[in-house]
Amino acid sequence: MPSLRESVHLVSDPRNLDVSVEEVFQLMLGVRCERDGLPLAAEPESVTAVVGFGGLLSGACVFRSGSTAALKIAAHMTGMEFDEIDDTVKDGIGEICNMLAGAWKGKVPNLAANCGLSVPAVITGRDYNLHVQAPEFQIHHTYRFEDTGFAVTIVCDGLR
Amino acid sequence: MKEIRTLIVDDSSVMRKIVERALRQAGLDTLVVHEAGSGVEGLDLLRTKQVDVILSDINMPSMDGLEFLRQIRAQSLAPGVPVVMITTESSEEHVKQAIQAGAQGYIRKPFTAEQVKERVLPLLRTA
């Protein structure tokens, strides 16, 4: 089995995440989004979706947003309006995270072929943190679209 | 105009709606859509409904899309009906596995309605 150790610079290239986010938002939502250096604005309720990586790379793709962005994303995906984070919104956010994870790993051929994805897990609530212990590397970017924001994090805790 | 009977299999109800919308945007106005949230549900549906094309996700809990496809062929359900896999998995290896399992087409998520049209319409003409 090939090793990812020699191509770690490609795997951890932060531009791959930006291109993946732009691609998913443009194709599936029909909206432009841009990288934003600012931290996420605090909102009472937030949504976090996690898709795990397994294989040559182990870790996770984590999507996080406040309810404003989550409701807008679900509305763009379905053509419906939402006023609360219901099961359809959670389902939509899970799928966005799934597509982000797939698009990101697809940018490195060796990773695309030798790294599987878990089904998405979605967490909603108030005042919680996601803690990852000493990852091998981590890429954390925030993005903006339609006056709201979200964050995407790639956490790699093992690379073979 | 002849109805196009479609089975869409995906554990995400949002993705099933997006695929249906893409098919309608592709010009399939006479679409009759059957939905299944898993491979097991999809197999049950195929025992009672006739369809013209099947679009299935790969990465699903309990029975993934490749196993669903193998079971369709093994149980001779929907003989001659084209199956298109729609998935985030995009490597050559995944495409090869899908073709070996009996898929006639492969669409990578995220996708455009145009891509759905290009992959699905020719299969309906030859089916």
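The shown structure was predicted, so the numbers you read here are calculated from the model rather than taken from an experiment.

What follows covers helix α1 (residues 13-25) of chain B. Think of an α-helix as turning once every 3.6 residues; residues three or four places apart then point the same way. Residues and elements named next belong to chain B. An ideal rise of 1.5 Å per residue puts 18 Å on 13 residues; α1 measures up with 18 Å between its terminal C-alpha atoms. Among all positions of α1, only Val 14, Met 15, Arg 16, Ile 18, Val 19, Glu 20, Ala 22 and Leu 23 are buried. Looking one or two places after α1, you find Gly 27, whose phi comes out positive at around 105°.

This brings us to the confidence of the model for chain B. Close inspection of predicted coordinates is inappropriate for parts of the model with low pLDDT. Of the residues in chain B, 98% reach a pLDDT of 70 or more, and the chain-wide mean stands at 92. Listed scores for the predicted complex are pTM 0.93 and ipTM 0.88.

Here the focus is the interface of chain B and chain A. One widely used convention gives an interface's size as the accessible area the parts lose upon coming together. Tallying the contact residues gives 21 residues for chain B and 25 residues for chain A. Between chain B and chain A lies a buried interface of about 1700 Å² when both sides are counted; carbon and sulfur atoms form 57% of it. When the buried area of chain B at its contact with chain A is split by residue, Val 14, Thr 88 and Pro 110 of chain B rank highest and sum to 31% of it. Counting across the chain B and chain A interface gives 3 salt bridges. Put simply, Arg 108 of chain B and Glu 23 of chain A hold a salt bridge, and the shortest N to O gap is 2.8 Å. Of all the elements, α1 of chain B adds the most residues to the side of chain B that touches chain A, at 5 residues. Tallied by class, the residues present in the side of chain B that touches chain A amount to 7 nonpolar, 8 polar and 6 charged.

What counts, and where the lines are drawn
- Residues numbered from 1 in each chain as written.
- Chains lettered and ligands numbered in written order.
- Predicted model: local features only at pLDDT ≥ 70, side-chain atom pairs only at ≥ 80, totals over all residues.
- Heavy atoms only, no water.
- Helix = DSSP H or I, 4+ residues; strand = E, 2+ residues; numbered from the N terminus.
- Expected span 1.5 Å × (residues − 1).
- Buried < 20%, exposed > 50% of the residue type's maximum accessible area, 1.4 Å probe, protein only.
- pLDDT = per-residue confidence, 0-100.
- Contact = heavy atoms within 4.5 Å.
- Buried area = accessible area lost by both parts, 1.4 Å probe.
- Salt bridge = Lys/Arg side-chain N within 4 Å of Asp/Glu carboxyl O.
- Nonpolar A, V, L, I, M, F, W, Y, C, P; charged D, E, K, R; others polar.

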